[in-house]
Amino acid sequence: MGTSVLHIDLNALRDNWRALDALSAPHVETAAVVKANGYGTGAAKAARALQKAGAKTFFVAAVEEGVTLREALGPSPEICVFGGHMSGDTDMIADMHLTPMLNSLEQTTRHFEALPGHPFGIQLDSGMNRLGMEPVEWNAIKEVVMQAGPRLVMSHLACADEPDHPMNAQQLACFKEMTDGLDVRRALSATGGILLGPDYHFDLVRPGIGLYGGLPFEDAKSVVRVECPVIQVRDVAAGETVGYGNTWSAERPSRVATISAGYADGILRAISNNAVLFDGDTPCPLVGRVSMDLITVDVTHLPHPPRALDLICAHQTVDELAQNAGTIGYEILTSLGGRYTRRYTG
């Protein structure tokens, strides 16, 4: 085991989808977001597991991700592309039967001219100012678009992980004003929006981070465990330093384990000297800087030299690790790189 192992519990992934699905009414479809390689878990296997759980609609960020997903899932599920119909995407959208969420007049024109009759959705900007048509633009083309029969009209909440934030109600009102009375399915909520309650659910919800064990879904089961093999354990005398920059000095005679993991694996350098790894349920402080391929850990207190140490596990969630790094669980998960051996259960 020369590289770290990313353990992925597909049963937990399915259970999280079912739990989120249960939070909305029976008529509300629960889709699944599997962009960024299934939030680092491996999009193909994650999507197949979610398909078995009952997901029929999937969302990705870019057409290239949609191609990978179509090859994994077969012809039946709908695969929607948040990024819409970009120049050069036409053949892939057509060949792989993808549904672009059109974000602008330019994309709408491109899609209607290049693929007349091909399924599409619309993304509206309800106040986030990132993707989607603003009210003036939407009103100018709404009649033509509705005659073409969009599969879905959606928007995205900016502050859904803060339930009391006034932006949530502001965006809800804007989205309703832009879409009330239209004969089309509507979607506003990802994980955070689902937790805001039924006013935000409309016809389809699209959980992402909550499926993979992250906040704001506090009841989520843990999906990933990162196991890092120990390459070497050495004795370090009091006063000696460890790692680049001499940022950690041993205050006593110590034993330091060097593990096969680093920022090339998506383990953020920001956790240097500020996180722990686990030997079973025993915490072991990370000492020194995280480097490209290696991390050093103080294991002086262990009764035995460890074979491996866990960075993400039942005792340290992705969000707890993210807090140590000054970031969010999304970044921790989606940074998990291609060098891991991925092992699946369930």
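Residues numbered from 1 in each chain as written. Predicted model: local features only at pLDDT ≥ 70, side-chain atom pairs only at ≥ 80, totals over all residues. Heavy atoms only, no water.

(A) Molecular detail of the overall build of the chain. Within the chain one finds 11 helices and 19 strands. Expressed along its principal axes, the backbone C-alpha trace of the chain runs to roughly 75 × 40 × 35 Å. Per element, the accessible surface of the chain, about 15,300 Å² overall, is 50% carbon and sulfur. Positive and negative side-chain charges of the chain, numbering 27 and 40 respectively, have mean locations separated by a distance of 7 Å. (Helix = DSSP H or I, 4+ residues; strand = E, 2+ residues; numbered from the N terminus. Areas by Shrake-Rupley, 256 points an atom, 1.4 Å probe, with all protein chains shown as cover. Lys, Arg positive; Asp, Glu negative; His and termini not counted. Charge placed at Lys NZ, Arg CZ, Asp CG, Glu CD.)

(B) How the structure looks around helix H6 (residues 105-114). Looking only at H6, the buried set comprises Gln107, Thr108 and His111. Across the axial projection of H6, the buried residues extend over an arc of 100°, all falling on one side. The outward face of H6, more than 90 degrees from its buried face, is lined by the exposed residues Glu106 and Glu113. Looking at the packing, one finds that the buried side of H6 touches strand E6 (99-102), strand E7 (121-123) and helix H7 (135-148). (Buried < 20%, exposed > 50% of the residue type's maximum accessible area, 1.4 Å probe, protein only. Arc of directions from axis to C-beta. Contact = heavy atoms within 4.5 Å.)

(C) Representation of the state of the cysteines. This model, assessed by the stated rule, comprises 0 disulfides. Counting only cysteine sulfurs, Cys174 is the nearest neighbor of Cys159, a cysteine outside any disulfide, at a range of 14 Å. Cys159 sits in the buried class, given a relative accessible area of 12%. The cysteine Cys284 is free of any disulfide, with Cys313 supplying the nearest cysteine sulfur at 10 Å. Note on Cys284: relative accessible area 0%, which makes it buried. (Disulfide = S-S within 2.5 Å.)

(D) Fine view of the packing of H6 against H7. Look at H6 against H7: their axes get within 11 Å of each other, and the N-to-C directions meet at 20°. When the axis of H6 is compared with that of H7, the two are roughly parallel. Helix-helix and strand crossings are classified by hand; for H6 and H7 the assignment is left-handed. Residues Leu105, Thr108 and Phe112 of H6 lie in contact with H7, whose contacting residues are Glu137, Ile141, Val144, Val145 and Ala148. (Axes fitted to C-alpha atoms, helices over the stretch in contact; angles between N-to-C directions. Parallel < 35°, antiparallel > 145°, perpendicular 65-115°, else oblique. Left-handed = near helix turned anticlockwise from the far one by under 90°.)

(E) Expanded view of the packing of aromatic side chains. This model, assessed by the stated rule, comprises 4 aromatic pairs. Between the aromatic rings of Phe112 and Phe120, the centroid separation amounts to 5.2 Å while the plane-to-plane angle is 70°, which identifies the pairing as edge-to-face. Judged by centre distance (5.1 Å) and plane angle (90°), the rings of Phe175 and Phe202 are edge-to-face. One end of the pair, Phe175, is in helix H8 (residues 166-179); the other, Phe202, is in the loop between helix H9 (191-196) and strand E10 (204-205), and 27 residues separate them in sequence. A relative accessible area of 13% means that Phe202 is categorised as buried. (Phe/Tyr/Trp six-rings, centres within 6.5 Å; stacked < 30°, edge-to-face > 60°.)

(F) Spatial organisation of the pattern of salt bridges. This structure, assessed with the given rule, holds 11 salt bridges. Residue Glu227 is joined to Arg307 by a salt bridge in which the shortest nitrogen-to-oxygen separation is 2.8 Å. Here Glu227 is found in strand E11 (residues 224-236), whereas its partner Arg307 is found in the loop between strand E17 (294-298) and strand E18 (308-312), with 80 residues between them in sequence. One salt bridge in this structure joins Asp293 and Arg339, with 3.0 Å as the shortest N-O distance. Note that Asp293 is positioned in the loop between strand E16 (282-287) and E17 and Arg339 in the loop between helix H11 (329-334) and strand E19 (341-345), a separation of 46 residues in sequence. Arg339 sits in the partly exposed class, given a relative accessible area of 35%. (Salt bridge = Lys/Arg side-chain N within 4 Å of Asp/Glu carboxyl O.)

(G) Representation of unusual backbone geometry. The peptide bond linking Leu215 to Pro216 adopts the cis configuration, its omega dihedral lying at 15°. Structurally, Pro216 can be placed in the loop between E10 and E11. Phi is positive for Tyr39, which is not a glycine, with a value near 50°. As for its position among the elements, Tyr39 is in helix H2 (residues 35-39).

(H) Geometry of the side chain of Gln107. Checked against the element boundaries, Gln107 lands in helix H6. In this structure the side chain of Gln107 is engaged in a polar contact, spanning 3.4 Å, whose partner is the backbone nitrogen of His85. (Polar contact = N/O pair within 3.5 Å; in protein donor to acceptor, adjacent residues only side chain to side chain.)

(I) Broad picture of the environment of Arg206. Checked against the element boundaries, Arg206 lands in the loop between E10 and E11. We classify Arg206 as buried; its relative accessible area is 1%. For the pair formed by Arg206 and Ala55, sequence separation is 151 residues and the distance between their alpha carbons is 10.0 Å. Those residues in contact with Arg206 that sit more than four places away from it in its chain are Ala31, Val33, Phe59, Phe82, Met154, Ser155, His156, Ala187, Leu188, Ser189, Ala190 and Thr191. A polar contact is formed between the side chain of Arg206 and the backbone oxygen of Ser155, at a distance of 2.7 Å. Polar contacts involving the side chain of Arg206 include one to the side chain of His156, which spans 3.1 Å.

(J) Highlighting the environment of Gln316. Assignment of secondary structure puts Gln316 in the loop between E18 and helix H10 (318-325). Judged by relative accessible area, Gln316 falls into the buried class, the value being 5%. Between the C-alpha atom of Gln316 and that of Arg225, which follows or precedes it by 91 residues, the distance is 9.3 Å. Once you skip the residues sitting within four places of it in the chain, Gln316 turns out to touch Val276, Phe278, Leu311, Leu321 and Asn324. Polar contacts involving the side chain of Gln316 include one to the main-chain carbonyl oxygen of Val276, which spans 2.8 Å.

That's the geometry; what it means functionally is another story.
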